[in-house]
Amino acid sequence: MVLLPNDAGLRHTAAAAAEQARTEGVRVALIPTRAAVQGIAALAVHEPERSFDEDVVAMTAAAGATRYAELAVAERQSWTTAGVCQAGDVLGLIDGDVAVIGEDLTGTARTVLDRMLSAGGELVTLVLGEEASDTLAEVLEDHVRERHLAVDTVVYRGGPRTAPLLIGVE
């Protein structure tokens, strides 16, 4: 069994669950994913035919090689690492830290993608929140295609608890 917490805040809970499973004789590995897009990357390389240990190593490497971002809407005025945001501002969090404060989802997402891809990347994963439009995905796919040649994009629909947009760069 492999556990993917997909949230830094759940890592200790996942570790406790893994330990409990081990005491019951279950072979379990905890892959330290901090975001859902890292979990997606890990699952993308999962091969049931491979040995358990080799599969865990491959899944851990894929998750670790995936940088992640999240776009959220500020609920109130606040100090952030990128400056002061106002209620309603769109926050671009890269690896958990506020890196961009924007006025709209599309523009902020473009800026976040450009920052993330400036360090390189081959694949962008976009997970659209329940409220995000399909048009957003199309605009961002076009943006990546035009500004970052040889980078592929894959889009998934998230559920009701998903942030407006999750981004992974491998």
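Every chain's residues receive numbers from 1 upward, in the order its sequence appears when written. Residues qualify for local features only when their pLDDT is at least 70, as the model is predicted, and side-chain atom pairs are given and counted only at 80 or more; totals for whole chains, interfaces and linings, by contrast, use all residues. Each side-chain value is derived from all of the structure's non-hydrogen atoms; neither hydrogens nor water enter the calculation.

Participant: Account for the pairing of strand β3 (residues 67-73), with residues named and values stated.
Facilitator: In this sheet, strand β10 (residues 165-169) lies alongside β3 in antiparallel orientation, the contact comprising 5 bridges. Opposite E70, over in β10, you have L166 as the bridge partner. Two strands form a pair only when DSSP identifies at least two bridges running between them. Helix numbers and strand numbers start at the N terminus; a helix is a DSSP run of H or I with at least 4 residues, a strand a run of E with at least 2. Sheet analysis places β3 next to strand β6 (residues 90-94), joined by 5 bridges and oriented antiparallel. Note on β6: the bridge partner recorded for E70 is L93.

Participant: Mind laying out helix α5 (residues 134-147), listing which residues take part and the relevant values?
Facilitator: Expected span of a helix: the number of residues minus one, times 1.5 Å. If you check α5, its first and last C-alpha atoms are 20 Å apart, about what 14 residues at 1.5 Å a residue would give, namely 20 Å. Within α5, burial applies to L136, A137, L140, H143 and V144. The buried residues of α5 all sit within an arc of 125 degrees when viewed along its axis, so they share a single face. Those residues of α5 that are exposed and angled more than 90 degrees off the buried face are R145 and E146. The buried label goes to any residue with under 20% of its type's maximum accessible area, the exposed label to any with over 50%, and the partly exposed label to all in between, with areas taken from a 1.4 Å probe on protein chains only. Here, the arc refers to the directions that run from the helix axis to the C-beta atoms.

Participant: So what's going on with the layout of surface pockets? Which residues, and what values?
Facilitator: It is the rolling of a water-molecule-sized probe over the atoms that shows where space remains empty. Here the term cavity refers to a set of points on a 1 Å grid, laid over the protein atoms alone, in which a 1.4 Å probe fits but cannot get out; the term pocket refers to an open set having protein on both sides within 12 Å along at least five of seven lines, with lining residues being those that place an atom within 4 Å of a point. Grid points are joined across faces, edges and corners, and a volume is the space filled by probe spheres set on the points. Reported here for the largest pocket is a volume of approximately 290 Å³. Forming the boundary of the largest pocket are 17 residues, of which N6, R34, A35, E70 and L166 lie nearest the centre. Going through the elements one at a time, α2 (36-45) and β3 are the ones with two or more residues in the lining of the largest pocket. The leading source of residues in the lining of the largest pocket is β3, at 3 residues.

Participant: Lay out the pattern of salt bridges with the relevant residues and their values.
Facilitator: The term salt bridge refers to a side-chain nitrogen of Lys or Arg lying within 4 Å of a carboxyl oxygen of Asp or Glu. If you walk through the whole model with that rule in mind, you get 6 salt bridges. Between D53 and R27 there is a salt bridge, with the nearest N and O atoms lying 2.5 Å from each other. Of this pair, D53 sits in helix α3 (residues 52-64) while R27 sits in the loop between α1 (11-23) and β2 (29-30); the two residues are 26 residues apart in sequence, bridging distant segments of the chain. Residue R27 is classed as partly exposed on the basis of its relative accessible area of 49%. Its salt-bridge partner being R157, residue D134 comes within 2.7 Å of it at the nearest N-O pair. A residue pair is termed long-range when its members are at least 10 positions apart, and D134 in helix α5 and R157 in strand β9 (residues 152-157) qualify at 23 residues. Residue class for R157 comes out partly exposed when judged on its relative accessible area of 42%.

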